[in-house]
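What the coordinates show
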Amino acid sequence: DSGVTQTPKHLITATGQRVTLRCSPRSGDLSVYWYQQSLDQGLQFLIQYYNGEERAKGNILERFSAQQFPDLHSELNLSSLELGDSALYFCASSGGGSRGDTQYFGPGTRLTVL
Amino acid sequence: EDQVTQSPEALRLQEGESSSLNCSYTVSGLRGLFWYRQDPGKGPEFLFTLYSAGEEKEKERLKATLTKKESFLHITAPKPEDSATYLCAVQAVGDYKLSFGAGTTVTVRA
């Protein structure tokens with residue numbers, strides 16, 4: 001158990017809908033990262049928040065957005081869903097240290113868009 | 001752009017048959033190289049962080065090494081419970097994201 005929690009575990013929805021994925025980082029970790037894992041793309045970085053502020057952005061679609069709240073939990077919002085958005089979405093957290101800080105991953109949310 | 005290439009894509013081993021996985025990387029400046037283990041449908045589980053060429057780390061039957069261009073994950077006398085996908089990732093200097101390779105899927109038969 002990494003200490004990172006994600007809800008829900010599974011999500012099934014239809015095209016055009018909007019969903020929210022939730023992540024609670026390990027106790028004391030200030031950084032939260034979101035990754036998408038699909039069969040053809042592997043693990044891809046989406047976005048990072050540090051202590052409530054956006055710090056880095058990857059190839060995140062404009063239909064996707066995220067935020068980190070004062071209690072440090074984070075939410076990833078996916079809207080106007082398409083079939084191709086079906087994937088595993090992982091949240092990771094790290095302590096924000098200065099030397100290649102290790103990211104610990106949650107169990108993931110499996111999103112299926114029908 | 002950071003690039004990570006892992007080989008082989010898949011590896012089938014007999015229990016007790018030692019082997020090595022390769023991770024070749026291209027990065028402007030290496031901040032850290034990370035190894036993770038991932039079971040099907042689960043989140044990546046952290047194994048090792050390596051920071052500089054020549055560094056080695058061990059954990060049970062696993063040993064990770066790092067050169068300036070690649071890293072190796074050696075599996076000594078593997079057991080069926082070592083079956084998983086092993087992922088390599090790099091973090092560049094001045095960056096925070098991890099860039100992952102496609103992984104090596106290891107199957108250990110009893």
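Scroll up to find the structure.
Everything in this summary refers to the structure shown in the same document.

Conventions used here
- Residues numbered from 1 in each chain as written.
- Chains lettered and ligands numbered in written order.
- Predicted model: local features only at pLDDT ≥ 70, side-chain atom pairs only at ≥ 80, totals over all residues.
- Heavy atoms only, no water.
- Helix = DSSP H or I, 4+ residues; strand = E, 2+ residues; numbered from the N terminus.
- Rg over C-alpha atoms; globule rule 2.2 N^0.38 Å.
- Buried < 20%, exposed > 50% of the residue type's maximum accessible area, 1.4 Å probe, protein only.
- Areas by Shrake-Rupley, 256 points an atom, 1.4 Å probe, with all protein chains shown as cover.
- Phe/Tyr/Trp six-rings, centres within 6.5 Å; stacked < 30°, edge-to-face > 60°.
- Lys NZ or Arg CZ within 6 Å of the ring centre and 35° of its normal.
- Salt bridge = Lys/Arg side-chain N within 4 Å of Asp/Glu carboxyl O.
- Polar contact = N/O pair within 3.5 Å; in protein donor to acceptor, adjacent residues only side chain to side chain.
- Pairing = 2+ DSSP bridges.
- Axes fitted to C-alpha atoms, helices over the stretch in contact; angles between N-to-C directions.
- Contact = heavy atoms within 4.5 Å.
- Buried area = accessible area lost by both parts, 1.4 Å probe.

So, the overall build of chain A
Scanning chain A for helices and strands turns up 0 helices and 11 strands. In sequence order, chain A lays out its α and β elements as β-β-β-β-β-β-β-β-β-β-β. By the compact-globule yardstick of 13 Å for 114 residues, chain A fits well, its C-alpha radius of gyration being 13 Å. The principal-axis extents of the C-alpha atoms in chain A amount to approximately 40 × 30 × 25 Å. Per-residue burial over chain A gives 50% buried out of 114 residues. Of the accessible surface of chain A, which amounts to about 5500 Å², a share of 46% is contributed by carbon and sulfur atoms.

Looking at the packing of aromatic side chains
Tallied over the entire structure, the rule returns 10 aromatic pairs over all chains. Geometrically, the ring pair formed by Y35(A) and F45(A) is edge-to-face, given 5.6 Å between the ring centres and 65° between the ring planes. Placement of the pair is Y35(A) in strand β4 (residues 31-38) and F45(A) in strand β5 (residues 42-50), with a sequence separation of 10 residues. The exposure class of F45(A) is buried, given its relative accessible area of 6%. Measuring from ring centre to ring centre gives 6.4 Å for F90(A) and F105(A), while their planes differ by 80°; the resulting arrangement is edge-to-face. Remark: F105(A) occurs in strand β10 (residues 104-105) and F90(A) occurs in strand β9 (residues 87-94); sequence separation between them is 15 residues. The same class applies to F90(A) and to F105(A), which are both buried. Taken together, the ring pairs in this structure connect Y35(A), F45(A), F90(A), Y104(A), F105(A), Y36(B), F46(B) and F100(B) into an aromatic cluster. Note that R55(A) overlies the ring of Y50(A), its terminal NZ or CZ placed 4.1 Å from the centroid.

Thoughts on the environment of Y51(B)
Residue and element names in this part refer to chain B. Following the sequence through the fold, Y51 ends up in the loop between β5 (45-50) and β6 (56-59). Accessibility expressed as a relative area gives 18% for Y51, which makes it buried. Put simply, Y51 and A10 are 41 residues apart on the chain and 26 Å apart in space, counted from C-alpha to C-alpha.

Some details on the pattern of salt bridges
Counted by the stated rule, this structure contains 10 salt bridges over all chains. Note that E75(A) and R22(A) form a salt bridge whose closest N and O atoms lie 4.0 Å from each other. Placement of E75(A) in strand β8 (residues 74-78) and of R22(A) in strand β3 (residues 19-24) is noted, with a sequence separation of 53 residues between them. Measuring nitrogen to oxygen at the nearest pair gives 3.3 Å for the salt bridge that ties K63(B) to E56(B). Judged by relative accessible area, E56(B) falls into the partly exposed class, the value being 49%. Overlapping salt bridges bring together R63(A), E82(A) and D85(A) as one network.

Thoughts on the side chain of T104(B)
All names here are of chain B. Here T104 is to be found in strand β11 (residues 104-109). Using a relative accessible area of 0% as the deciding quantity, one classes T104 as buried. Among the polar contacts made by the side chain of T104, one reaches the main-chain carbonyl oxygen of P8 at a distance of 2.6 Å.

Quick notes on the sheet that holds strand β1 (residues 5-7) of chain A
Residues and elements named next belong to chain A. Within the open sheet, the 4 strands sit side by side as β1-β3-β8-β7. Their pairing is antiparallel. Edge positions in the sheet fall to β1 and β7 (64-68), since each has one partner strand and no second. Neighbour to neighbour, the strand axes of the sheet diverge by 15° on average, direction disregarded.

What about the interface of chain A and chain B?
Facing the 21 residues of chain A at the interface are 17 residues of chain B. Buried surface at the junction of chain A and chain B, both sides included, amounts to about 1600 Å², of which 56% is carbon and sulfur. The interface formed by chain A and chain B includes 1 salt bridge. Between R31(B) and D101(A) there is a salt bridge, with the nearest N and O atoms lying 3.7 Å from each other. Inspection of the region where chain A meets chain B yields 5 residue pairs in polar contact (both at pLDDT 80 or more).

Bear in mind that shape data such as this cannot, by itself, settle questions of function.
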